[in-house]
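Read off the chains here:
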Amino acid sequence: MPLPFLDKDGQLFNNADSFAMAFDQAWKRHDEQQPGHGLSVDEKLELILTACADHPFMQSDPAMARQVAAFRVRLLGF
């Protein structure tokens, strides 16, 4: 099974764009697998950040990854 952070070409990048894509995918996957989960946005944000903990950008710059995630939540209205 491919790693969830790989792009369609099987590549993994240590940058904010790659992290944003992985974060979005993890957020949507959670919605599909657990509809009606009852989590607040902040609780779900923490859960998804934990799910993305192995992403290289999250490991190299966790503070910036957290900012990117919070921005994605606001931007996309998650």
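That block above? That's the structure.
Residues numbered from 1 in each chain as written. Predicted model: local features only at pLDDT ≥ 70, side-chain atom pairs only at ≥ 80, totals over all residues. Heavy atoms only, no water.

Along the protein chain, the regular secondary structure elements total four helices and zero strands. Its helices and strands in sequence order give the protein chain the pattern α-α-α-α, from N to C terminus. Here the protein chain holds 78 residues, and the buried ones make up 29% of them. Summed over its atoms, the accessible surface of the protein chain is roughly 5,100 Å², and 55% of this surface lies on carbon and sulfur atoms. (Helix = DSSP H or I, 4+ residues; strand = E, 2+ residues; numbered from the N terminus. Buried < 20%, exposed > 50% of the residue type's maximum accessible area, 1.4 Å probe, protein only. Areas by Shrake-Rupley, 256 points an atom, 1.4 Å probe, with all protein chains shown as cover.)

It is the contact of helix H2 (residues 41–51) with helix H4 (residues 62–76), at a shortest axis distance of 11 Å, that shows an interaxial angle of 135°. Viewed along their axes, H2 and H4 adopt a mutual orientation that is oblique. For the pair H2 and H4, the sense of crossing is right-handed. Only Ala65, Arg66, Ala69, Ala70 and Val73 of H4 make contact with H2, whose side of the interface consists of Val41, Leu45, Glu46 and Leu49. For the contact of H2 with H4, a count of residues per class yields seven nonpolar, no polar and two charged. (Axes fitted to C-alpha atoms, helices over the stretch in contact; angles between N-to-C directions. Parallel < 35°, antiparallel > 145°, perpendicular 65-115°, else oblique. Left-handed = near helix turned anticlockwise from the far one by under 90°. Contact = heavy atoms within 4.5 Å. Nonpolar A, V, L, I, M, F, W, Y, C, P; charged D, E, K, R; others polar.)

Turning next to the side chain of lysine 44. Its location among the elements puts lysine 44 in helix H2. Setting aside anything within four residues of it in sequence, one finds lysine 44 in contact with Trp27, His30, Asp31, His37 and Leu39.

A few words now on the nonpolar core. Judged by nonpolar contacts, the single largest core of 15 residues is most densely connected at Phe19, Phe23, Trp27, Leu45, Ile48, Leu49 and Ala69. Examining the composition of this core, we find that five residues originate from one element, helix H1 (residues 16–33), more than from any other. When sequence neighbours within four positions are dropped, the list of residues in contact with leucine 45 reads Phe23, Trp27, Ala69, Ala70 and Val73. (Core = buried A, V, L, I, M, F, W, Y, C linked by side-chain atoms within 4.5 Å.)

To continue, consider the pattern of salt bridges. Under the definition given, this model contains three salt bridges. For lysine 44, the salt bridge is made with aspartate 31, and the minimal N-O distance between the two is 2.1 Å. One end of the pair, lysine 44, is in helix H2; the other, aspartate 31, is in helix H1, with 13 residues separating them in the sequence. We classify aspartate 31 as partly exposed; its relative accessible area is 33%. (Salt bridge = Lys/Arg side-chain N within 4 Å of Asp/Glu carboxyl O.)

Within the sequence span of H2, burial applies to Lys44, Leu45, Ile48 and Leu49. Considered in projection along H2, the buried side chains sweep an arc of 140° and stay on one side of the axis. Where the residues of H2 are buried, they touch H1, helix H3 (56–60) and H4. (Arc of directions from axis to C-beta.)

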